[in-house]
Every structure is written in structure tokens, then in C-alpha cells.
Amino acid sequence: MTTRDVPLGTVQIGICSGHVNYPLYIRSVPTQGELKFHYTVHTSLDVVEEKISGVGKALGDQRELYLGLLYPTEDYKVYGYVTNSKVKFVIVVDSSNTSLRDNEIRSMFRKLHNSFTDVMCNPFYNPGDPIQSKAFDSIVSAMMVQAC
Amino acid sequence: MEWRRSYGRAPKMIYLEANFVQFKEELLPKEGNKALLTFPFLHIYWTDCCDTEVYKASVKEDMQRWQGVLRLHGSVDWLIVVVESDNKKKNKTNILPRTSIVDKIRNDFCNKQSDRCVALSDPLKESSRSQESWSSFLTKLRTLLLMSFTRNLGRFEDEMRTLREKRTEPGWSFCDYFMVQEELAFVFEMLQQFEDALVQYDELDALFTQYVLNFGAGDGANWLGSFCQPVRSWNGLLLRRPIDMEKRDLIQRGEASLLDLRSYLFSRQCTLLIFLQRPWEVTARALELLHNCVQELRLLEVSVVSGALDCWVFLSCLEVLHRIEGCCDRSQLEANFSHTVGLWTYATEKLKSLGDLCGLVSENGPNSEDLNKTVDLLAGLGAERPETANSLQSPYKKLKEALSSVEAFEKHYLELSHAAMEMYRAIGRLRSARLVGKSLAEFYMRKGDPQSAENFLLDSLKSYVSESWSLPLTHTRKQIAECQKQLQKMDEYPSHISDHIYLQTSALLASDANLSDEERKHFCQEILTFASQTAESKGQQKDPCVALSMSSFTQLHELRFRPASALVHVGAVLQLELHLCSLMPVPVRVEQLAASVHFAGEQPGTTAQKRAAQNPDGTVTFPAASPVSASPALELCEIQEHSPSDNALNTAGVVCKNMHLLMRRHDSTTSLDTPITAPSALAMDDGAQMLKAHDVTLLPGNNSIVFTAPSQKPGTYTLRQLCATVGRVQFVLPHIYPVVQYEVYSQEPQLTIQPLTENLLAGLPQQVKFTILTGHYTVKKGDALQLSNTDSMPVLHSSKCTARILSSTGELVGESALSIQSSEKVTSISLPLTPPYHTLEFLLDVLCHIPSSPARVESEHLTNGQISHRARSRARFNSGMAIIDQKVVFSQQCVFSVWELRWSGVPPVSLQCVFLASFAPADAPDTALKPYSYEFAVERVSTLYSVRAEIRPAAGEQHCRTGTLCRLEVSLTRLTEPNDTDRSDEEFSETEGLRTSRLMYEVIDNHSNWAVCGKSSGVVSMPVAAMATHKVQMEIMPLFAGQLPFPNIRVFKYLPHHASVVIQPDTDSCLENDSLSVLDKALEDQADTASLRSRGSVQSLGEQQPRGVPMPKRQAFGPGQVFNGTQGRQVLVLPGTDHHVLEVNVT
């Protein structure tokens, strides 16, 4: 598939802590629509929570962490992922970004989760603090560049 | 009818409907016909000919022609039905009965397929034969029809696939292909295989989507051009008809626009899904479709009138919702809000943007340009469809009405928004509900109704605060500020409340790091402007001060006490240095920064647990909680509980100190942070005491402010609140946490006298340290310390005596010489000038006397024994005069009295003494003194004998070895010649002119380390002369290796019975040993009981032995009379050469 000049896709990654739902890490490329993204990610937590409770009821010990497409909007697709400790990952991509299918998103989440685990393993990291790890940052940046 | 299909597809029950059509040659399908629904599947030739002649003449020919035509068209599906009638048969019975017409036909036409010909007998009669023939005919008909159907369907599908494979060829038309595949879908639908029918549409959908995507990626297909025509009609989805023939015709003609195609496709999918009873999939797909269409039109760069898509989406959303509502009951709908709410929200959004576009939201209403747009948009809607034209409510009518006027728009918009919010709330998606609420608030703001807007904004603010989403929080707060500013102008509330609310929000915004500097300065300026306004300028105002929360203004970092102990005496200077971080973007001049102080009078005993939060270096660090933080961090501290009796650790644990904050319900946590706090809650307590700092300019960032703390009264001072006053605005911190306390104490003067050494020794001049804590008392000129003299401890006069004056912190303030005047009774020390709360230290030489009284042997009474007195007690110190009462003795206190006894002649062996004292309790000195007497004996002890022993290895060996005999040499030495006093208790015997005393020795090993070989005890005669030595040798064998202690060697006096013959006592004799051991035991017990023991008692004990038994006796020496040199000695024993058993004993 040859590429045409597709308007630069937008990817946003948000991570929210377990029960309190405050943001641990939010990053968006490009940054101009940041506020809207924050709203989007925040709102998507509704669906994440709905799905978590739904999964718990229906499929007991299912180990699937990927929640799939949370909800589509006219401009964005919002995907969710939740760790076993109920840390929520949200990826928002431009609807026009067709190169990112379910599988790509899934692997992005997995990569994100691995990196997140590394951050958590850092003994100097205080759980619940916003993530400021440079390593994590660079991995996220790489992922976003790849995705766009 | 069961239908088996190729490609291993599962058999299904289907319902196949067939029409009977009269055969015409034109109806036979020509090459390339794609119609499957009208396809002739089975050709049936009906004949009622029962006459052979007729058959041969005409029918056969006709049949042959018919078959020829069929073959020409490649159709192999045919059936010949012969209707037999008994009536006819009866008439012509002569005709070949054997070969019926049926057989003939079979012969002629069905050479191999005999089942292609069926006879139907007497169809109109109700006989069993006719019924049988009917059923066999119908079975056959069904089978053949299905066979043909399957074959043709398969062929059709193959053709379709071929056609699809050609899609890359130029000239391929999607529309044509669409029609073909839809035909298949129709067939499946006809068979009631809705699932399969849906698959066909989904395939078409996917194919089309892929083309659009490819087009977007630059790989355009020609046929797609027709879909790129500008959108001229946006009348939304139409889901009420099973098949929208108008649109289908458009597609068939290749004139459909993208929206037409999508609409048509979706309407078909929707119909099938509803057949399948999956309405919730319809809503999900609808949302996806609408989003997708918007995206695709954007991607294909189709020109669309602005707002047209909004109309289309809005109409479509409502149409889908109506369709779903039409097929579900209410409870079902309510249970599935989560599926429909997306469409509601989408419709709301679209209506809002339409409203914006057409100028229906602004306060002034639409202008002419807006009206033009509205007209254009309405034109694109076209006429209302006939299905809904007569109903009162339809999406079409709704949109038309909403766009017609400002009021109608508002009505519809609010209706939709509230519906969406209700649904979100119902399914627990509160955040989404609040987001809708926020856009509703924006609407209200534009309508100039800030009051309605505020509630929605505050609601959503709450959730952002509780989850600390800073960016949305800032944005929402900014909106609130704008809203509140309008409210302020509108004078809806009493002005001081609206002022307060607005200023609080402004303060929060001014300190918000997410905002740009300009914005922050703007909000800061709002506060400062308000603050500088005088009360008059706003008219008459009763309460000109506005109290705001300090958390938005500054952040406390640290508070440092100087001195660090936070403990000063009355009147001393205590400074508090407060480090705080100003969050304002500009320097703010604070007229007064005051901390109210709570004063609690001195309560003895409470000081132990105070100031847990204060570090030893006198600082209190405030937790760096940002005002938006949702929950405070855990504050854990370790506790240990010791048992009161022996101070042993009872429990240890970890305690959460701020549990009351953490365990609070989450809803209520926001109450602290919400800007709308009633002004009264932040009111400053009018504490009696205040720490104040005036005219401080707080620069952005860190500042440090020094307070001087009041310390007029003794007690505990707790900092409660902090208040910064800027003009009319006060920033109040209602609680200072952690607790900040300092203490002020007041002290009575104290004198402490302490010897430099642990105990004072009698007879030597020694130094005693006098320490005077002045307390609150100022030592004035002429004040003197008076000590009443005692004979036993006179203060020695020393010329050079200087006092050191120390401040309360231990710094040396000065030194000054003391002048000491001694009279007979009193020593007076004039003290230098000393300010209060200082310490005076000086050393004095004292001498402890033991009063020299002549030894009165006759009375043997000692009087006046007090000498040394450790003045641990606090002596009373009143106006510079001290009286030391030496005779106060506290419980558990030891008082030492020293006597010296001198002997003029030979000291007695034992001296009986009595200690007599009279005492009275200190609290009741008037009562008669009680006597106390204690009897004791002073014994003279001199060592008479010394015992030494050596263990030597066997000859030729260096070390002792286990299992080998060693030599033990015991030497007993008399140390002194017994004098006369001793004679009484020692038996001497004269042998060969030499005076000897007899001693018995015994070697016992209590630890089984040694085996004594041969005699272990014996009696020796000691010459009565100093340094007379007697040596005894015996053999012992070590049983273990290692450093073994020497065996015990005990020496006794040996008292042979005078009357009896001297018998060498056999120590191995059980009898004697037993009797001896009894005595021994008694003696040992006695020895343990008292250290001071009169000799007489020993003697009397010895005399208790029955005299009648003529037995030699042994008697133990008194303590100290025998020196045993072997005690504690060890000898190295190596393991024996025999290594079979290796035991090592470590002692």
C-alpha cells in the first residue's frame, strides 16, 4: 500500500491509576488538542469501568486485559486496556488512521504494559505518583511515532 | 425442508417459495442473466392425455419440442406430470392396459431418470390412491425443485465470485456487482436465512469500505467517481421500508451518492438485524456507520454543504432510535440504554453544532446569513417521506422545527441533552453525563444564563477534582470563573457571596500552573483589584472582608523554631521562621500575616507526648499536598508499648495517624476543596494571641517570614490558623496540620549539690559542685547563699572560687569571683548578679569528717554516725538562703556511715555490735522518734592454711592425657602460728615433742572430670609452726580432654574423740561419710544464711553432736580461714592416644 499524504494521525496515551482514577501519565501527539483528549480519556473511564465490572460478572477469571474499542467518536477511536491491579490504559487514535488495527493496538498496549511494569519495579517510584520515567517516556514516544 | 449444501456447509431447514408460471420461451434465462429470484428452477409439463393415439399424435411431439427448448437453454430441471383419471380410463378400456401412458413417456423421455415422470391419479378424488399419488408427487416436486435450486444457486455464487475477482479490471462496476450479490441476499432472505443474507450485505459493506480506504491511500477506482459527487440530499436514513426501492434504483443506475449507498446498505442490514432480533446491534452499527460516513466523505473529499452532514447524522440517529423504539418495549429499552445513549449523544452534539451554525444559540438570534444557511439546509432535506408525513413526530419534523426558531431549538436541544444525561446517569456513566452537562453549560453561557450553567460546571468540576485531572479541572474552573463573573454582575446573590465565590475561583486559577502566565496574572489582578477597592466604592457594605482559602494562595513548606527545642522560659525570645511558597504569579504585598495561637495553661505531665511532628532540629515540615490532590498520603508512625512494671516491650506496631482523613467517604472529601465554601467556615477565630508579621511582600515562589512568638505566660501554645490579609481579602488556613506547638515554662529557683565523684570519701578535702538554677528569680546584688554548717562536713575556705554563669541554652555568659564568709554556724556565699533562667555553677571544697570520738570499749556504743550525704534532694531555696537538712532519707536511698575501730590490744576474734538509730517520718516530725536497732558481729578473720595443688602428667609426657594417670600433689601450708586465742578451738596433739594439729583433706571431683585413684582423703598432722608445709600425693585420671578444672580439695579440722582410739578414718566408709555429710550440710546452710556469723553459734552447733558416739569428727573451717589456691585453676588435658572415643569438654 503506497502512502498518500495522510493528515498526521493523532495518538494519545493515558494511564490512570487503579481505584482513584487519577491520571498517572498522559501524553498526546500533537499537543494542540490536549484538553479535548483529556476529556476524552476521562470520559472513556466510564466505559472501562463498565467493561471491567462486566467482565468480572460474566467471565470470572478471564485473563484478557485488552478491553478493545471502548467507543467510537466521529474523530477518534478509543481503546482500553486494564491491568490486573486495575490500572487503566487508554489509547486514542484518529479515526482516519486506518493502519492501526485491533492487533496493532493490542501489541501497543502490551508494550506499554511491559514498560509500565518496569516503572513500577523501580524502588524509587512511589506508586500513585505521576510517571516521570525517561525510559517510559521514550518508549511511548517511539510507539507514537510508529503509530502516526 | 432440509437443505444440504456444498462446501460442507451445515444442512439447514429452509422455506422455499415457488411461483408457478406458464411456460413461455421468452421467460427462459438468457446468457448472463443475473436475476435469481425470477429464475425458472423447474419446468413441469402437465398432461392429462390417456390415449396412446393422442399421445403419439401430438403430445409426444409437443414434449419433444419442449425438451429441445430446455436443452437449448441448458436447463436440465424438468418434470413431466401425467394426470390420470379413472373416468377417462373407464371410457377407453380397450387401450393397452399394460403399457400406460406413464410408462410410454418414461420410455421416451426419461431414459435414465425415471423419477422425472410422475403420475398423479385422480387428483380431485378423495381416495387413498389419489392422496398417495399426491404426496409422492409433492415429494418429488420438492426434491427436484431443491436440486435445481441448489445447482443454480451454486452456479450463481460461482459466477458472482468470478465477477468479484474481476474487480481490478477497468470497467468493473461496483453497482453491478452490488446488484448481483444483493440478489443472493434476497434469495437467502426469501429462504429466511437472514444470517446469510446479512453476510452478503456485510461483504458488500466491507468491499466498499476497502475501496474507499484504498482510494484514500491513493489507489482510486474509476467507478468510485460516481460516489464522489457532491452531496445534494441529506434526508437521513430510512428504515421504515423493507427495501428502499428508490435508492436501489439509484444504485442500479449507478447514480447513487455515497450517502445513498450507505443508507440503502444500512437500511437492509437494519431490516435483517431486526428480523434476527438483534436491535442493539443496529444501534452499534448505526453509530459506526454515521462516524464512518463522515470520515469517508472527508476522505473522498466530497463537497458537502456545511451542516448538511450534521443534518444527515441527526436525522439518522433519530430514525434509528425511532426504529428501535418501534420494535422494543419500554423495559427493554431501559435495560439497554448503554446501546442507545451513544446515538442520543451524537444527535445532541449534531444539533448543537447545527444550532451554532445557524445562529440559534447566540443571544441575539440568527442574522440573515444564518437564515440563508438554514434555508439551504432545509432544502437539502427534501420533502418529508410519505411514511412519516402523517405522524406527529418524526425526525424530519423535529429537525425542521428545531431549525425554525431560537426557542424551538432550545427546547429540542435541552430535551435531547437531558435525555442523554439521564441515560448516562441511569447506566452509571457519570463522567459522560457530566461531559454532556458541561456542553449544556456552555450552551447556557452563550444564552446568557450563567446560573444554570454554574450547576453543571460545578458538578463536572467535582469529578475532575476528586480524580485530579488537572487539565480538564483548569478548563472547567476557567469556565466557572467566567460564569461567576457574570453572576457577580447580575447581582443574583448578595454581592459579598458572589464576590467570595468568584475570588475563590480566581485564586485557584491564579495559582494554577496549567494556565499561561497572562491568564494567571489576569486572575491574580482580579483579586488584587478587589482587594484594593475600598468598602465605600462598592456602596454600603457591612462585611467588607472576604475570607478565602489559603491553599490556593500559598503553600506552607516548613516552620522552623529558634531555638530548636521550641521550649523557652517565660519572656524569652522564640522565633518562628515560616517557609512558604507563594503560588501567585506576581509579588503580592500582604499587609498582615497572622497566625492565631491557642494557649493552654501549664499542665504537668503532658509534655511527654507533645510535638510528635516536630523534628529534633526544631522544624515542622508540612506535607506537600497540592490543593487538588484527591487523598492525602498515608502518615504512618511506629508505636511501642512497654509494660509499666519492667519496661519490657509489650506491643509494637504501626499506626496510621491520619486515618480520619483517609477513611472518609469519598464524596465528602471534595467539601474541602470546592471553592464554594460558606464564608463562615473560613472565618478566622479571634484567638487571644496572634503571631503577626506586617507588610510582607510575597514573591512568587519560596518566601520566608519570621515571627516572634509571644511567651508571656507559661504553658503550651498551639498554632491554629494562618491568615494573610491583602486589602479586603483574607487568605485563611483554617487548620495548621501537623500540629505546631511551642512551650513556655516558668521555674522556681533550684539548688543542686553534687559531689564530683560518685561517693564522698571521708577524711579527704573534695570538691562539691553547687548548681543554682535561678528560674524566674533575678539574683540581685547582695543576695547570698547561706549554708548552715555541720560538724561533719565543713566547707573549707578557699580563696579562689569563681562562679560560672550560664544561659539557659548552656552558653557561658560570664564568670565572677565569689566571696565566701564563714561563721561558726553559717557559711554565706554572696552570689553575683544573675538574670533569670540562668545557671550559676561553682565548686566548693568540703571535707567529710568522721567525728573523732574515743573508743569506749566499756560501753561499746557509737553515736553520731552521719557523715556523707548525697544531696539528691532538692533543697528549698528561699530568697537566697539554703538549709540542707541532712537527715532526710528517702525510701530506697542508701546512707553510708563509716566507722573506724582501733584496737589497743589483741583484737577479739569476734565483736558483737548493735546499731541504734532513732527516726521519725519526715512528714510527721513531731511524733516521737522511733528506735531502730540492728545487731551484728564483726569477726576477725585470718587465713590459717593455704592449699595448693599441682597436676603433673605421667613421667615422660608433656601434657596430661585422658585415660592416663596423672599425679596430683597437694601441699597444705600453715600460714601463721596460732596465738593463744586460737588455741581454744584447735586441737593440738603432742607427738614426738612436736606440737601438731590434725587436718583432714578430701579430694572430690563434682563434675566427674577426674577419677581419683586410690585414697581420696586422709588426715595429716600439721606442725604448729608458721610456714609448716605438708605435701600429699595421689593419682588421678582425667576422663575428658580439654581444659579441666582442678578437682575440689577440701580441708577440715579433724577432731578425734579423746576417749577413743585414734582410728585412721576410712573415708570410703559409708557410715562415716554419711554422718559427716549431714554435718557438712548443716554447716554449709549456716554459712549461706549470714555473712556476719557469730562463732559461738558454730560451736554450739558442733556441740549438738551426740557425745556418746566415740567417733572422730571433722569440722569445717570458718570462711576465709583456708585459702584454696586451686580454685578456678585449669589444666590442659589432651585426648588419649586411643582415638576411638573423642570427647571434648569445654568448661
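The rules behind the values
Residues numbered from 1 in each chain as written. Chains lettered and ligands numbered in written order. Predicted model: local features only at pLDDT ≥ 70, side-chain atom pairs only at ≥ 80, totals over all residues. Heavy atoms only, no water. UniProt positions renumbered as here; feature names shortened; annotations may be inferred. Helix = DSSP H or I, 4+ residues; strand = E, 2+ residues; numbered from the N terminus. Buried < 20%, exposed > 50% of the residue type's maximum accessible area, 1.4 Å probe, protein only. Contact = heavy atoms within 4.5 Å. Areas by Shrake-Rupley, 256 points an atom, 1.4 Å probe, with all protein chains shown as cover. Buried area = accessible area lost by both parts, 1.4 Å probe. Salt bridge = Lys/Arg side-chain N within 4 Å of Asp/Glu carboxyl O. Polar contact = N/O pair within 3.5 Å; in protein donor to acceptor, adjacent residues only side chain to side chain. Nonpolar A, V, L, I, M, F, W, Y, C, P; charged D, E, K, R; others polar. Pairing = 2+ DSSP bridges. Patch = residues over 30% accessible without salt bridge, like charges linked within 9 Å, V, L, I, M, F, W, Y side chains within 5 Å. Phe/Tyr/Trp six-rings, centres within 6.5 Å; stacked < 30°, edge-to-face > 60°. Lys NZ or Arg CZ within 6 Å of the ring centre and 35° of its normal. Axes fitted to C-alpha atoms, helices over the stretch in contact; angles between N-to-C directions. Parallel < 35°, antiparallel > 145°, perpendicular 65-115°, else oblique. Left-handed = near helix turned anticlockwise from the far one by under 90°. pLDDT = per-residue confidence, 0-100. Core = buried A, V, L, I, M, F, W, Y, C linked by side-chain atoms within 4.5 Å. Expected span 1.5 Å × (residues − 1).

Where an unreviewed UniProt entry is consulted, chain B appears under the name Trafficking protein particle complex subunit 10, with the organism given as Anabarilius grahami. The heading Subcellular location (unreviewed entry) in the UniProt record of chain B holds the text "Golgi apparatus".

Labelled according to an unreviewed UniProt entry, chain A appears under the name Trafficking protein particle complex subunit 2-like protein, originating from Anabarilius grahami. Per UniProt, chain A carries the Sequence similarities (unreviewed entry) text "Belongs to the TRAPP small subunits family. Sedlin subfamily." Its UniProt record gives chain A a comment under Subcellular location (unreviewed entry), which states: "Cytoplasm, Perinuclear region".

K.L.:
I keep staring at the overall build of chain B and nothing clicks. Help me out?
P.N.:
Helix and strand content of chain B: 25 helices and 43 strands. Burial analysis of chain B (1147 residues in total) assigns 43% to the buried set. Looking at chain B alone, contacts between residues at least 24 apart form 72% of all its contacts between residues at least 6 apart. Split by element, the accessible area of chain B, about 60,400 Å² in all, is 53% carbon and sulfur.

K.L.:
Where do I start with the overall build of chain A in this structure?
P.N.:
A tally of regular secondary structure across chain A gives three helices and five strands. Helices and strands in chain A line up, N terminus first, as β-β-α-β-β-β-α-α. Taking all 148 residues of chain A together, the buried fraction comes to 48%. Considering only intrachain contacts with a sequence separation of at least 6, the fraction spanning at least 24 residues in chain A is 54%. Accessible surface for chain A amounts to roughly 7,400 Å². Of this, 54% is attributable to carbon and sulfur atoms.

K.L.:
Would you explain the interface of chain A and chain B in this entry?
P.N.:
How big an interface is tends to be stated in terms of the accessible area lost upon association of its parts. Contact with chain A, which involves 30 residues of that partner, is made by 33 residues of chain B. At the boundary of chain A with chain B, total buried surface from both sides reaches about 2,600 Å², with 55% on carbon and sulfur atoms. At the junction of chain A and chain B, the tally comes to four salt bridges. One salt bridge in this structure joins B:Arg431 and A:Asp46, with 3.2 Å as the shortest N-O distance. Counting the contacts that link chain A with chain B gives twelve residue pairs in polar contact (both at pLDDT 80 or more). Looking at the side of chain A that touches chain B, the elements that each hand over two or more residues are strand 2 (23-29) and helix 1 (34-58) of chain A. Counting residues per element, the side of chain A that touches chain B draws most heavily on helix 1 of chain A, at twelve residues. Grouping the constituent residues of the side of chain A that touches chain B by class yields twelve nonpolar, ten polar and eight charged.

K.L.:
Help me understand the side chain of B:Asp310 in this model?
P.N.:
Residue and element names in this part refer to chain B. Mapped onto the secondary structure, Asp-310 falls in helix 10 (residues 308-327). For Asp-310, a relative accessible area of 14% translates into the label buried. Within the structure, the side chain of Asp-310 is placed 3.1 Å from the side chain of Ser-353, a separation counted as a polar contact. Each residue touching Asp-310, except ones within four places of it in the same chain, is listed here: Lys-350, Ser-353 and Leu-354.

K.L.:
How should the pairing of strand 5 (residues 88-94) of chain A be read in this particular structure?
P.N.:
Side-chain direction in a regular strand flips from residue to residue, so the side chains alternate between the two faces of the sheet. All names here are of chain A. For strand 5, the tally of buried residues reaches seven of seven residues, placing the bulk of the element in the interior. Going residue by residue along strand 5, you find Lys-88, Val-90, Val-92 and Asp-94 tucked away on one face and Phe-89, Ile-91 and Val-93 tucked away on the opposite face as well. Pairing of strand 4 (residues 76-82) with strand 5, which is carried by seven bridges, proceeds in the antiparallel orientation. Opposite Lys-77, over in strand 5, you have Val-93 as the bridge partner. Two successive antiparallel strands, strand 4 and strand 5, enclose a turn made up of five residues, where Lys-86 displays a positive phi of approximately 65°.

K.L.:
Teacher, can you tell me more about a nonpolar patch on the surface here?
P.N.:
A surface patch of nonpolar side chains, amounting to about 320 Å² of accessible area, comprises B:Phe919, B:Tyr932 and B:Tyr934. Residue placement: B:Tyr932 occurs in strand 30 (residues 930-939).

K.L.:
Help me out: how do you make sense of the environment of B:Arg995 in this one?
P.N.:
Along the chain, B:Arg995 turns up in strand 35 (residues 994-1004). Sequence separation between B:Arg995 and B:Met1022 is 27 residues; the distance between their C-alpha atoms is 8.2 Å.

K.L.:
When you look at the packing of aromatic side chains in this model, what are you seeing that I'm missing?
P.N.:
How two aromatic rings sit relative to each other is given by the distance of their centres and the angle of their planes. Counted by the stated rule, this structure contains 20 aromatic pairs over all chains. Seen from their ring centres, B:Phe553 and B:Phe731 are 3.9 Å apart, and the 5° between their planes marks the pair as stacked. Of the two residues, B:Phe553 is situated in the loop between strand 6 (546-549) and strand 7 (554-562) and B:Phe731 in strand 17 (residues 729-733); the sequence distance between them amounts to 178 residues. Pair check on accessibility: B:Phe553 and B:Phe731 agree, each one buried. Linked through ring pairs, A:Tyr66, A:Tyr81, A:Phe89, A:Phe109 and A:Phe116 together constitute an aromatic cluster. Across from the ring centre of B:Phe530, 4.1 Å away, lies the NZ or CZ of B:Arg728, which sits over that ring.

K.L.:
Which parts of the structure should I look at to understand the sheet that holds strand 9 (residues 574-582) of chain B?
P.N.:
Sheet strands associate in pairs through backbone hydrogen bonding, adopting either a parallel or an antiparallel arrangement. Residue and element names in this part refer to chain B. The strand order 11-7-9-15 describes an open sheet built from four strands, whose pairing is antiparallel. One side of each edge strand has no neighbouring strand; the edge strands of this open sheet are strand 11 (619-621) and strand 15 (701-709). Here the average twist between neighbouring strands, direction ignored, is 20°. Where strand 9 lies against strand 15, nine bridges are found, and the strand directions are antiparallel. Within strand 15, the residue paired with Leu-580 across the bridge is Asn-703.

K.L.:
Would you take a moment to explain the packing of helix 10 of chain B against helix 14 (residues 395-404) of chain B for this structure?
P.N.:
Geometrically, a packed helix pair is captured by the angle between its two axes and the distance between the axes. Residue and element names in this part refer to chain B. Remark: helix 10 packs on helix 14, axes separated minimally by 9 Å, with the N-to-C direction vectors making an angle of 140°. If you check the angle between helix 10 and helix 14, you find them oblique. As for how helix 10 packs across helix 14, the hand of that crossing is right-handed. In contact with Cys-311, Phe-314, Leu-315, Leu-318, Glu-319 and His-322 of helix 10, helix 14 contributes Pro-395, Tyr-396, Lys-398 and Leu-399. Tallied by class, residues from the contact of helix 10 with helix 14 come to seven nonpolar, one polar and two charged.

K.L.:
What is the right way to read the confidence of the model for chain B from this model?
P.N.:
Caution is warranted with low-pLDDT regions, since their predicted coordinates should not be read in detail. Residue and element names in this part refer to chain B. Mean pLDDT over chain B: 73, with 73% of residues reaching 70 or higher. Here residues 535-542 is a poorly scored stretch, pLDDT under 50, and it has nine contacts once near neighbours within four places are set aside; other chains count. Note that residues 1059-1109 has pLDDT below 50 and, in this model, 46 contacts with residues that lie over four places away or in other chains.

K.L.:
Help me out: how do you make sense of the nonpolar core in this one?
P.N.:
Across soluble globular proteins, you tend to see nonpolar side chains buried next to one another. Residue and element names in this part refer to chain B. If you look at the biggest cluster of nonpolar residues, it comprises 142 residues, and the most contacted ones within it are Phe-174 and Phe-227. At twelve residues, the largest contribution of residues to this core is made by helix 10. Apart from the residues lying within four places of it in its own chain, the contact partners of Phe-174 are Leu-204, Leu-207, Phe-208, Trp-223, Phe-227 and Leu-261. Core analysis: the next-biggest nonpolar cluster, separate from the first, contains 54 residues, Tyr-502, Ala-507, Leu-556 and Val-729 among them.

K.L.:
Looking at this structure, I do not really get the packing of helix 12 (residues 337-357) of chain B against helix 15 (residues 406-426) of chain B. What am I missing?
P.N.:
Residue and element names in this part refer to chain B. Look at helix 12 against helix 15: their axes get within 9 Å of each other, and the N-to-C directions meet at 150°. Classified by the angle their axes make, helix 12 and helix 15 are roughly antiparallel. For helix 12 against helix 15, the interelement crossing comes out left-handed. Two secondary-structure elements touch here, helix 12 through Phe-337, Thr-340, Val-341, Trp-344, Thr-345, Ala-347, Thr-348, Leu-351, Lys-352 and Gly-355 and helix 15 through Phe-409, His-412, Tyr-413, Leu-416, Ser-417, Ala-419, Ala-420, Met-423, Tyr-424 and Ala-426. For the contact of helix 12 with helix 15, the residue count by class is 13 nonpolar, six polar and one charged.

K.L.:
Would you mind showing me how to read the side chain of B:Asp370 here?
P.N.:
Along the polypeptide, B:Asp370 turns up in helix 13 (residues 368-381). Beyond its immediate stretch of four places on either side in the chain, B:Asp370 contacts B:Leu357, B:Cys358 and B:Gly359.

K.L.:
Honestly, helix 10 of chain B in this entry has me stumped. Any pointers?
P.N.:
Think of an α-helix as 3.6 residues a turn; residues three or four steps apart then line up on the same face. Along its 20 residues, helix 10 of chain B runs 29 Å from first to last C-alpha, staying within 8% of the 28 Å computed at 1.5 Å per residue. Along helix 10 of chain B, 15 of the 20 residues are buried, which leaves the element largely enclosed by surrounding structure.

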